[in-house]
Amino acid sequence: MSEKQSSAPKNTDSQEELNDAKQHSNIQNEEPQAQDSRETIPTNESLDELEDRITQEAMEVLEPPTEKLTTEQRFTKIAIGLGVAVAMGIVAALLSKFYLGASFKVSALIGIILLLVTLWTNKALPLGVVSLLPIILFPSFGILDTASATANYGNPIIFLFLGGFMLAAATEKIDLHRVIAKKFLGLFPATPKGVISALGFASVVLGTTLSNSTVAILLLPIALSITQDYFLKLRFLLAVAFGASISGISTPIGSPSNLIFLGFLEKLGFEGISFTTWIFMMVPLTVLMLYAMIYLLSYKTKEHSLEINMFDSVEITFAHKRLLCFIGALLVLLLLNSPIKPFYNGLGLNENIILLAFGLLMFVPKVGFLDWDDSKSIPYELIFLFGAGFCIATAFTQSELGGAFEGFFKQFSGLPFLIFLFLACISAIIATGFLSTTALIAILLPIVYTATQSFLANKEPTIVMLAITICASFSFMIPISTPPNAIVFEKGNIKAWDMIRFGAILSIVGIFAVTLFAFAYWRWFI
């Protein structure tokens, strides 16, 4: 997500509805003093102003702005970052060539992968720029031809996410997330545990059409404005971070890593997992993880009192109802389109086209809520990142690089499949401490698939890849491991140790839960 478009669209027929929605959503914030936080929220700041500020600052966490630096400083930063990345790429390529005895093609691929990972990590260049480099580098070193490289940036899965981004822009524009938050806060008691539960369930509901980072950005101002008691505020903020990450597994568009996994299955020629089937697979795990999160974060909160009146003025408008009807119709259509074999073959429609069509409807006058200026809020750099991930997967497959890891993986071939799954989940959680979840999944899936072909049979490679993908979203410990963690840690001003001590317990629960679900439940849907 990029910065929220706070101004109303020009020449839009639904102007009155949007203004009405904004008017009803303008709430004044509470004014208690912070007790133990590193930043005090201005007491004269409205929820609208707080949300605009937090959204802008959260986007700076995901993509730090470069305009604040002088030209010389920017040049120095880019030069150092590029120098380090190129040096690491060359070293990796030389080690692969002369130490591992790899071919020139494989050595070049390893070097380029390390170059890209380093640039994604040190952010010397913008995310979108780095993500387009495979189009230049892979053909230049004979790894892929230009047509094969560029085709990955038009993968049909990308349009599934693009449609979701358009729905997210509409949701944010009319402040539907506030209505949903108020609804859930009204369903639960006005206690700390009730607020934690409300934020968790609101995350999951928003996560049906929004990405996990978007969910975190939208709910963060709400969590910040409920109380200034650090003991409670910490738990509310962690509920947003953890709840957003948990919501990311609930639908295919909830997390970029989900789409990388589905795109890789499509590239292998495997039967994909439909939108509705994915939901049925993930709902039990989502509920279990939400329950674990609520139980963990609400521990010893009973003695703390809480008064919640910040949403008293929020009312649902016709614009909110219309968008809810759109989302409901989308979910119904996706349900009808999903086959239930051997009893029902579905409608036979392409789900990517369905999501894109509903997203484009948001731009139709008197029907949707957006104009073309609102399209600037769509994070195209993430779309380029998906293309880079698919391009890397194609390069791995064609170069048979995964075969280089086959010897390592064969050490575990004698283990029961359940134990192998468990170790794979642990490894995924650990690896997210060093790489972003999206980059990790893009690199790891081709390696795991190719290297385990000799001893995993039938559905087992797909189950392992899915378990790794889901576990990557359950890295709750490290502030930089997932976008929701990074956003909440930086802008919520919480201590790293607080995130680690709560996140470690929840991550352990996630490892065991994913292992058991993958072994005993998901295999019936794949």
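None of these values were measured; they are calculated from a predicted model.

**Student:** Would you mind showing me how to read the nonpolar core here?
**Tutor:** If you look at the biggest cluster of nonpolar residues, it comprises 159 residues, and the most contacted ones within it are Phe-138, Leu-285, Met-293, Ile-470, Phe-474 and Trp-522. Setting aside residues up to four positions removed in sequence, Met-293 forms contacts with Ile-196, Gly-200, Ala-239, Phe-242, Gly-243, Ile-246 and Leu-506.

**Student:** Quick question: what am I supposed to make of the packing of aromatic side chains here?
**Tutor:** Two numbers describe a pair of aromatic rings. These are the distance of the centres and the angle of the planes. Under the definition given, this model contains 12 aromatic pairs. Centre to centre, the rings of Phe-261 and Trp-278 are 6.3 Å apart; their planes meet at 55°, and the pair counts as tilted. Taken as a pair, Phe-261 in helix α12 (residues 256-268) and Trp-278 in helix α13 (residues 275-297) lie far apart in primary sequence, 17 residues in all. Residue classification places Trp-278 among the buried positions, given a relative accessible area of 0%. Ring geometry for Phe-474 versus Phe-476: centroids 5.6 Å apart, planes at 20°, classification stacked. The two residues Phe-474 and Phe-476 agree in class, both being buried. If you follow Arg-235 out to its NZ or CZ, it ends over the ring of Phe-231, 3.7 Å from the centre. Above the ring of Phe-519, the side-chain terminus of Arg-523 is found at 5.2 Å from the ring centroid.

**Student:** Is there a simple way to think about the pattern of salt bridges in this case?
**Tutor:** Pairing of side chains with opposite charge becomes possible as their charged atoms draw close. Taken as a whole, this structure holds 2 salt bridges when the rule is applied. Where Lys-173 meets Asp-374, a salt bridge forms, and the shortest distance between an N and an O atom there is 2.5 Å. One end of the pair, Lys-173, is in helix α7 (residues 156-173); the other, Asp-374, is in the loop between α15 (351-361) and α16 (380-399), and 201 residues separate them in sequence. Asp-374 carries the same exposure label as Lys-173, and that label is buried. A salt bridge links Arg-501 to Asp-498; the nearest nitrogen and oxygen atoms lie 3.0 Å apart. Taken together, the residues span about one helical turn, with Arg-501 and Asp-498 both in helix α22 (residues 496-520) at a distance of 3 residues. Accessibility expressed as a relative area gives 33% for Arg-501, which makes it partly exposed.

**Student:** Could you clarify how one ought to interpret helix α9 (residues 192-206) in this entry?
**Tutor:** Along an α-helix, residues three or four apart share an orientation, since each turn contains 3.6 residues. For α9, which comprises 15 residues, the first-to-last C-alpha distance of 21 Å matches the rise-based estimate of 21 Å (1.5 Å per residue) to within 8%. In terms of burial, α9 is a largely internal element, 12 of the 15 residues being buried. Looking at α9, one finds that the buried residues are Pro-192, Gly-194, Val-195, Ile-196, Ser-197, Ala-198, Leu-199, Gly-200, Ala-202, Ser-203, Val-204 and Leu-206.

**Student:** In this structure, what is going on with unusual backbone geometry? I would like to understand it.
**Tutor:** If a residue is not glycine, its phi is most likely negative; likewise, a peptide bond is most likely trans. Within the chain, Lys-300 stands out as a residue other than glycine whose phi angle is a positive 60°. The topology assignment puts Lys-300 in the loop between α13 and α14 (318-337). The residue Lys-366 is not glycine, and still its phi comes out positive at about 70°.

What counts as what
Residues numbered from 1 in each chain as written. Predicted model: local features only at pLDDT ≥ 70, side-chain atom pairs only at ≥ 80, totals over all residues. Heavy atoms only, no water. Core = buried A, V, L, I, M, F, W, Y, C linked by side-chain atoms within 4.5 Å. Buried < 20%, exposed > 50% of the residue type's maximum accessible area, 1.4 Å probe, protein only. Contact = heavy atoms within 4.5 Å. Phe/Tyr/Trp six-rings, centres within 6.5 Å; stacked < 30°, edge-to-face > 60°. Helix = DSSP H or I, 4+ residues; strand = E, 2+ residues; numbered from the N terminus. Lys NZ or Arg CZ within 6 Å of the ring centre and 35° of its normal. Salt bridge = Lys/Arg side-chain N within 4 Å of Asp/Glu carboxyl O. Expected span 1.5 Å × (residues − 1).

On their own, these measurements won't tell you what the molecule is for.
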